[in-house]
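Given next are the chains, with one letter for each unit.
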Amino acid sequence: MLAKYWKKIGLVILIIACIFNIMSKLVHKLSLNKEMIASAIYTMQNQEEKKSENN
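Computed from a predicted model, the values in this text were never measured in an experiment. (Residues numbered from 1 in each chain as written. Predicted model: local features only at pLDDT ≥ 70, side-chain atom pairs only at ≥ 80, totals over all residues. Heavy atoms only, no water.)

**Q** Could you give me a rundown of the overall build of the protein chain, with the residues and numbers involved?
**A** Within the protein chain, the secondary structure is distributed over 2 helices and 0 strands. For 55 residues, the compact-globule formula gives about 10 Å, and the C-alpha radius of gyration of the protein chain, at 24 Å, lies well above that figure. Split into buried and exposed, the 55 residues of the protein chain put 0% on the buried side. Total accessible area computed for the protein chain in this model is approximately 5700 Å², and 68% of it derives from carbon and sulfur atoms. In the protein chain, 8 positive and 4 negative side-chain charges are present, and the distance between their average locations comes to 29 Å. (Helix = DSSP H or I, 4+ residues; strand = E, 2+ residues; numbered from the N terminus. Rg over C-alpha atoms; globule rule 2.2 N^0.38 Å. Buried < 20%, exposed > 50% of the residue type's maximum accessible area, 1.4 Å probe, protein only. Areas by Shrake-Rupley, 256 points an atom, 1.4 Å probe, with all protein chains shown as cover. Lys, Arg positive; Asp, Glu negative; His and termini not counted. Charge placed at Lys NZ, Arg CZ, Asp CG, Glu CD.)

**Q** Just give me the short version of a nonpolar patch on the surface, but keep the residues and values in it.
**A** A surface patch of nonpolar side chains, about 700 Å² in accessible area, is lined by Leu11, Leu14, Ile15, Ile19, Ile22, Met23 and Leu26. Among the secondary structure elements, leucine 26 is positioned in helix α1 (residues 6–28). Assessed through its relative accessible area of 55%, leucine 26 is described here as exposed. (Patch = residues over 30% accessible without salt bridge, like charges linked within 9 Å, V, L, I, M, F, W, Y side chains within 5 Å. Salt bridge = Lys/Arg side-chain N within 4 Å of Asp/Glu carboxyl O.)

**Q** How would you summarise helix α2 (residues 32–54) if you had to cite specific residues and measurements?
**A** Helix length check: α2, at 23 residues, gives a terminal C-alpha distance of 33 Å against a target of 33 Å (1.5 Å per residue), a fit within 8%. Of all 23 residues making up α2, only 0 are buried, and the element is barely covered by its neighbours. (Expected span 1.5 Å × (residues − 1).)

**Q** Please give an account of the environment of valine 27 that cites residues and values.
**A** In this structure, valine 27 sits in helix α1. In this structure valine 27 comes out as exposed when scored by relative accessible area, which is 63%.

Okay, structure coming up:
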C-alpha cells in the first residue's frame, strides 16, 4: 500500500516542511521598525567617522 501512495506522501511531507520553514522565518524576523533604527544608527556613525577623518 505504501508503494502505491509514496508520491502523495512525499508531496505532503514536502509541503509541511516548507510551511514550517516559512513560519520559523516569520517568527524570528526582526520588525521593520527595529531594522530602520539600526540602519539609521549605523549611517550616522559612518558619517561621524568620515567627518572626523576629514578634519
